[in-house]
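One-letter residues, chain by chain:
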Amino acid sequence: MRIVYHPDSATMSDYALGQWLSATLAAIDNPPAPGIALDLGNPDYPWSFEPEYLADDRETSGGKCFSRIRATRLQGMLNMSAVHSGELPAWRGWYAATLGFRRPFALRLPELTVLGAVAPVKKFPLALVSLEEWAGQINVVEWL
């Protein structure tokens, strides 16, 4: 799994960050400066990224149904296990720079095209499960 994020994304405007992310998605193997690239281990199987349809679903008082699709985005859950303690500074830097993964970053997974994503979490997603080994889950949503 490859993650690329901007170290100053917390203080950047949405427009500037969007411009930087667009350039990064086009060249994730050689991200534009000052992007920070992390090559983290792949998530555990099973994992999936499937479309989520954001829609307005309504029913009138007469019983007629109405649905309007507003957007479609990819969404999935990454289960990470066996993250070594040596990788923790990279995870914490990524977490802090993106305000708990709330600011967009570039993500490339095996068998998945590159996408801009956010994964808003309230607390740091990894927990110590054994000596020098961390594990956790991240819900990732495509950034629209």
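Since this is a predicted model, take the numbers as computed values, not measurements. Throughout this document, residue positions are counted from 1 along each chain, in the order its sequence is written. In view of the model being predicted, local features appear only for residues whose pLDDT reaches at least 70, and side-chain atom pairs are presented and counted only at 80 or more, with totals across whole chains, interfaces and linings using the full set of residues. Side-chain metrics in this entry use all non-hydrogen atoms of the structure; hydrogen atoms and water are not considered.

### Describing the overall build of the protein chain
Turning to step 1, where the next piece is worked out: Secondary structure counts use DSSP, requiring at least four H or I residues in a row for a helix and at least two E residues in a row for a strand, with both numbered from the N terminus. A count of helical and extended segments in the protein chain gives 2 helices and 8 strands.
Turning to step 2, where the next piece is worked out: By principal-axis analysis of the C-alpha atoms, the protein chain measures approximately 60 × 35 × 30 Å.
Turning to step 3, where the next piece is worked out: Two residues qualify as a contact provided that any one of their heavy atoms is within 4.5 Å of a heavy atom in the partner residue. Partitioning the intrachain contacts of the protein chain with sequence separation of at least 6 by distance along the chain shows that 65% fall at a separation of at least 24.
Turning to step 4, where the next piece is worked out: Of the roughly 8200 Å² of accessible surface on the protein chain, a fraction of 53% belongs to carbon and sulfur atoms.
Turning to step 5, where the next piece is worked out: Positive residues here are Lys and Arg, negative ones are Asp and Glu, while His and the chain termini are left out of the count. To locate a charge, the coordinates of NZ of Lys, CZ of Arg, CG of Asp or CD of Glu are taken. Put simply, the protein chain has 12 plus and 15 minus side-chain charges, and the middle of one group is 10 Å from the middle of the other. Note on areas: Shrake-Rupley, 1.4 Å probe, and residue coverage restricted to the protein chains presented here.

### Digging into the packing of aromatic side chains
Turning to step 1, where the next piece is worked out: Pairing of aromatic side chains here covers Phe, Tyr and the six-membered ring of Trp, requires ring centres within 6.5 Å, and sorts the geometry by plane angle: under 30 degrees stacked, over 60 edge-to-face, intermediate tilted. Counting across every chain of the model gives 6 aromatic pairs.
Turning to step 2, where the next piece is worked out: A ring pair is formed by Trp91 and Trp94, whose centres lie 5.4 Å apart and whose planes are at 50 degrees; its orientation type is tilted. Of this pair, Trp91 and Trp94 both sit in helix α2 (residues 88-97), 3 residues apart, roughly one helical turn.
Turning to step 3, where the next piece is worked out: Residue classification places Trp91 among the buried positions, given a relative accessible area of 0%. Buried means the residue's accessible area, taken with a 1.4 Å probe over protein chains only, is under 20% of the maximum for its type, while exposed means over 50%, and partly exposed covers the values in between.

### Quick word on the environment of Ile28
Turning to step 1, where the next piece is worked out: The residue Ile28 is located in the loop between α1 (14-26) and β2 (36-39) in this model.
Turning to step 2, where the next piece is worked out: Classification of Ile28 by relative accessible area gives buried; the value is 5%.
Turning to step 3, where the next piece is worked out: Through-space distance from the C-alpha of Ile28 to that of Ala106 is 7.5 Å; in sequence the pair is 78 residues apart.
Turning to step 4, where the next piece is worked out: Among residues more than four places away in sequence, those in contact with Ile28 are Arg2, Val4, Ala106, Leu107, Arg108 and Val114.

### Regarding the pairing of strand β5 (residues 105-108)
Turning to step 1, where the next piece is worked out: The pairing criterion is simple: DSSP has to find at least two bridges between the two strands. Both strand β1 (residues 2-5) and β5 contribute to a ladder of 3 bridges, which runs antiparallel. Following the sheet pairing, Arg2 is matched in β5 by Arg108.
Turning to step 2, where the next piece is worked out: Pairing of β5 with strand β6 (residues 115-118) involves 3 bridges; the strand directions are antiparallel. Across the sheet, Phe105 pairs through a bridge with Ala117, a residue of β6.

### Details of the nonpolar core
Turning to step 1, where the next piece is worked out: Working definition of a nonpolar core: buried Ala, Val, Leu, Ile, Met, Phe, Trp, Tyr and Cys residues. They are joined through side-chain atoms within 4.5 Å. One finds Ile3, Trp91, Trp94, Phe105 and Leu107 to be the most contacted residues of the largest nonpolar core, which totals 29 residues.
Turning to step 2, where the next piece is worked out: Only β1, β4 (65-84), α2, β5, β6 and β8 (133-142) provide two or more residues apiece to this core.
Turning to step 3, where the next piece is worked out: The dominant element in this core, judged by the number of residues it contributes, is α2, at 5 residues.
Turning to step 4, where the next piece is worked out: Those residues in contact with Trp91, other than ones at most four positions away along the chain, are Leu40, Met80, Val83, Phe124, Leu126 and Ile138.
Turning to step 5, where the next piece is worked out: In this structure, Val4, Trp20, Leu21 and Ala106 belong to the second largest nonpolar core, which totals 7 residues.

### Quick word on the confidence of the model for the protein chain
Turning to step 1, where the next piece is worked out: Of all residues in the protein chain, 99% have pLDDT values of 70 or greater, and the mean over the chain is 88.
Turning to step 2, where the next piece is worked out: Scored from 0 to 100, pLDDT records how confident the predictor is in each individual residue. For the protein chain, β6 is the element with the lowest average pLDDT, namely 84, and α2 is the one with the highest, namely 94.

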